[in-house]
Amino acid sequence: MCSSDLEAARTMGGQQDEDVEVRREDQKAINTFGRLNGRLHELEEELKEKNSAHELLDDAQNELILADDDEQVRYAFGECFFECSKDMADELLDQQKDKLTDEMKVIEDELSGIRNTLAGLKTQLYARFGTSINLEEGG
């Protein structure tokens, strides 16, 4: 927000806001907000990657349905492949999907906590600084 926009925002109600001094606890709240906002974006990206991996496992399981029951299938384990039965491959895929689901749940719980904390910090900081501070994401 440029200074003329800030001045216009201050005088909109016919009254001018006083300059608000940034106290140590205010700076601490602003820093916490910035750190948590960065962590929020990291976790959202990580969750997106895990969702993509989960979808790939679903696709692999759907492809596995097309295989013959007595046919050996190649299963990737890290950078190695081994052959196993269709049932064993299906079981291994289920285990990987369950693990990813658990990991995604942990991330979603952390995201929820961060969003709640950010909402509280926004309320606190906007109450203190009004239009003098911008905590919204740019788009």
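First, a word on scope: everything that follows refers to the structure included in this document. Only a predicted model underlies this, so the values are computations on that prediction, with no experimental measurement involved.

### Describing the side chain of Lys86
- Along the chain, Lys86 falls in helix α3 (residues 86-129).
- Residue classification places Lys86 among the buried positions, given a relative accessible area of 13%.
- One polar contact links the side chain of Lys86 to the main-chain carbonyl oxygen of Ala67, over a distance of 2.9 Å.
- If we skip the residues at most four places from it in the chain, Lys86 touches Leu64, Ile65, Ala67, Asp68, Asp69, Glu71 and Val73.

### Notes on the pattern of salt bridges
- This structure, assessed with the given rule, holds 13 salt bridges.
- Between Asp58 and Lys97 there is a salt bridge; the shortest N-O distance is 2.6 Å. Residue Asp58 is found in helix α2 (residues 24-65), and its partner Lys97 is found in helix α3; the two are separated by 39 residues along the sequence.
- Exposure remark for Asp58: the relative accessible area of 26% places this residue in the partly exposed category.
- In this structure Lys97 comes out as buried when scored by relative accessible area, which is 14%.

### Regarding the pairing of strand β1 (residues 72-77)
- In this sheet, strand β2 (residues 80-85) lies alongside β1 in antiparallel orientation, the contact comprising six bridges. In the sheet register, Tyr75 faces β2, and the bridge partner there is Phe82.
- Between the end of β1 and the start of β2, which pair antiparallel, lie two residues, with Gly78 showing a positive phi angle near 65°.

### Section: the environment of Gln124
- Checked against the element boundaries, Gln124 lands in helix α3.
- A sequence separation of 98 residues divides Gln124 from Asp26, and the C-alpha atoms of the two residues are 9.0 Å apart.

Definitions and cut-offs
Residues numbered from 1 in each chain as written. Predicted model: local features only at pLDDT ≥ 70, side-chain atom pairs only at ≥ 80, totals over all residues. Heavy atoms only, no water. Helix = DSSP H or I, 4+ residues; strand = E, 2+ residues; numbered from the N terminus. Buried < 20%, exposed > 50% of the residue type's maximum accessible area, 1.4 Å probe, protein only. Polar contact = N/O pair within 3.5 Å; in protein donor to acceptor, adjacent residues only side chain to side chain. Contact = heavy atoms within 4.5 Å. Salt bridge = Lys/Arg side-chain N within 4 Å of Asp/Glu carboxyl O. Pairing = 2+ DSSP bridges.

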